[in-house]
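Each chain is listed here by its residues.
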Amino acid sequence: SAKAGEKAVIMGHSMGGQAVFAFLVWADKQEVGWCEKFIHAYVDIAGPLLGLPKAASALLSGEMKDTNALAPFSGLIESLFGRRRRHDLFSSWGSLWSMAPMGGDAIWGVGADIDCGPGRVQSGVACSNERTDVGTKITPNVPFLTFTDETPQTADVVNSTYAKYSRKKTWTYADVMSYLEEWKNGHRGPESLKNAWNDVTKEPLPNAPSLNVYCMYGVGLPAERMFFYRRGVKDTDNDMPFVMSDV
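Summary of the structure given here. Note that the structure is predicted; figures quoted are calculated from it, not measured. As a convention, each chain's residues are numbered from 1 in the sequence order in which they are written. Local features in this predicted model are restricted to residues of pLDDT 70 or higher, and side-chain atom pairs are both shown and tallied only at a pLDDT of 80 or more, whereas totals for entire chains, interfaces and linings draw on every residue. Excluding hydrogens and water, the side-chain values take into account all heavy atoms of the structure.

## Here's the deal with unusual backbone geometry
Among all residues except glycine, the phi angle is most often negative; among peptide bonds, the trans geometry is most common.
Phase 1 of the analysis: Phi at Ser14 takes a positive value of approximately 55°, unusual for a residue other than glycine.
Phase 2 of the analysis: Here the phi dihedral of Ala46 falls at roughly 55°; this positive angle occurs in a residue that is not glycine.

In structure tokens form, the structure reads like this:
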């Protein structure tokens, strides 16, 4: 409290971490030095500050690992709340757009977070044996998605945006974000992507030398990182051009 002469500690959990980051940047733009004057610490608890892969898959097809895990009940789920409805709902949420992967392939394409398996450790862009430290290179361009079906013929492609991307066997993170921006042109989602306040790769924390930042994350729980997809038979404004594959 300002009256007591004490600074505040702000905590954010999950997306709240991004909300706090955006607030601190915004506040300091309104009054330079505000964070240094009033904020003692920023505590980020499991905040996806660089975005989430599953946010992109939800925007692309209304799917993520959680929905794909319900495959045995897919018939019932699709009849009640199908991909198209989920996709349209998710696309209307500015929060999901704000959690789309940030930093492009320079961050998401190098595979630095890939689990190397038992007895091997991550070292730069290589997986190394713990004893010999002899590494084997990880593919530097880790794809966001890989298509498991055949490349569509020209006659199967109607939408021009879809046509530009559908013939690629794999998509990088840059590909999927470019596709979403084009495909969703006119929605508020792409406008959210242009707002740098919540993008740590574009907007730094305010200049506050005494501000303490604490980040707390769980470890040892695998998270979705890449996806297998298959293309829809046709693409029109009313059809889903991509669906998650069971492979």
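Read on, since the account is not over.
## A look at the sheet that holds strand S1 (residues 8-13)
Phase 1 of the analysis: DSSP bridges decide pairing: two strands pair if at least two such bridges lie between them. Runs of E in the DSSP output that reach at least two residues are strands. Runs of H or I that reach at least four are helices, and both are numbered from the N terminus. As summarised here, the arrangement of the 3 strands in space is S1-S2-S8, forming an open sheet in which the pairing is parallel. In the strand order of this sheet, the two ends are held by S1 and strand S8 (212-216), each with one partner. Averaged over all adjacent pairs, the angle separating strand axes in this sheet is 15°, with direction ignored.
Phase 2 of the analysis: Summarising the sheet, S1 and strand S2 (residues 39-45) pair through 6 bridges and their orientation is parallel. From the neighbouring strand, Val9 faces S2, where its bridge partner is Ala41.
Phase 3 of the analysis: Whether two residues are in contact is decided by their heavy atoms, any of which lying within 4.5 Å being enough. Only C-alpha atoms enter the line fits that serve as axes; for helices the fit covers just the stretch in contact. Angles between N-to-C directions range over 0 to 180 degrees. In the packing of helix H1 (residues 15-30) onto the sheet, contacts are made with S1 and S2, and the angle to S1 comes to roughly 140°.

## Quick notes on the nonpolar core
Phase 1 of the analysis: Take the buried residues of types Ala, Val, Leu, Ile, Met, Phe, Trp, Tyr and Cys, join any two whose side-chain atoms come within 4.5 Å, and each joined set is a nonpolar core. Note on classification: 1.4 Å probe, protein chains only; a residue is buried when its accessible area is under 20% of the maximum for its type, exposed when over 50%, partly exposed between these limits. Counting residues in hydrophobic clusters, the biggest one holds 27 residues, and the most contacted among them are Leu60 and Trp171.
Phase 2 of the analysis: Counting residues per element, this core draws most heavily on helix H10 (residues 173-183), at 6 residues.
Phase 3 of the analysis: Beyond its immediate stretch of four places on either side in the chain, Trp171 contacts Leu60, Pro143, Phe144, Leu145, Phe147, Tyr165, Val176, Tyr179 and Phe242.
Phase 4 of the analysis: In this structure, Val20, Val25, Cys35 and Tyr42 belong to the second largest nonpolar core, which totals 11 residues.

## Concerning the environment of Pro204
Phase 1 of the analysis: With respect to the secondary-structure elements, Pro204 resides in the loop between helix H11 (188-193) and S8.
Phase 2 of the analysis: Assessed through its relative accessible area of 56%, Pro204 is described here as exposed.
Phase 3 of the analysis: Those residues in contact with Pro204 that sit more than four places away from it in its chain are Phe21 and Val25.

## Focus: the sheet that holds strand S6 (residues 145-147)
Phase 1 of the analysis: With respect to topology, 4 strands assemble into an open sheet ordered S7-S6-S9-S10, the strand pairing being mixed. Pairing within the sheet leaves two strands with one partner each, and these edge strands are strand S7 (170-171) and strand S10 (242-244).
Phase 2 of the analysis: In this structure, S6 lies alongside S7, joined through 2 bridges in antiparallel fashion. Opposite Thr146, over in S7, you have Thr170 as the bridge partner.

## Quick notes on the pairing of strand S9 (residues 227-231)
Phase 1 of the analysis: Of the two faces of S9, only one is covered, namely that formed by Phe227, Tyr229 and Arg231; the face formed by Phe228 and Arg230 stays uncovered.
Phase 2 of the analysis: Sheet analysis places S6 next to S9, joined by 3 bridges and oriented parallel. Within the sheet, the bridge partner assigned to Thr146 lies in S9 and is Phe228.
Phase 3 of the analysis: Here S9 pairs with S10 via 3 bridges, running antiparallel. When the bridges of S10 are listed, Tyr229 appears paired with Met244.

## Observations concerning the side chain of Ser61
Phase 1 of the analysis: Within the fold, Ser61 resides in helix H3 (residues 53-61).
Phase 2 of the analysis: Relative accessible area serves as the criterion here: at 0%, Ser61 is assigned to the buried category.
Phase 3 of the analysis: We define a polar contact as two N or O atoms separated by no more than 3.5 Å, with the added condition that, inside protein, one atom must be a possible hydrogen donor and the other a possible acceptor, whereas residues neighbouring each other in sequence contribute only through side-chain atom pairs. Of the polar contacts made by the side chain of Ser61, one reaches the side chain of Tyr229; its length is 2.8 Å.

## A short note on the packing of aromatic side chains
Phase 1 of the analysis: When two rings of Phe, Tyr or Trp (its six-membered ring) have centres within 6.5 Å they constitute a pair, described as stacked for plane angles under 30 degrees, edge-to-face for angles over 60, and tilted for the intermediate range. One pass over the structure, following the stated rule, counts 8 aromatic pairs.
Phase 2 of the analysis: Centroid distance Phe23 to Trp34: 5.6 Å. Interplanar angle 90°. Geometry classified as edge-to-face. Taken together, the positions of Phe23 in helix H1 and Trp34 in helix H2 (residues 34-38) put the pair 11 residues apart, joining distant regions of the chain.
Phase 3 of the analysis: Using a relative accessible area of 33% as the deciding quantity, one classes Phe23 as partly exposed.
Phase 4 of the analysis: For the ring pair Trp108 and Tyr173, a centre distance of 5.3 Å and an interplane angle of 25° mean the geometry is stacked. Pair noted here: Trp108 is in helix H8 (residues 105-108) and Tyr173 is in helix H10, with a separation of 65 residues, a long-range link. The same class applies to Trp108 and to Tyr173, which are both buried.
Phase 5 of the analysis: In this structure an aromatic cluster arises from ring pairing among Phe23, Trp26, Trp34 and Phe38.

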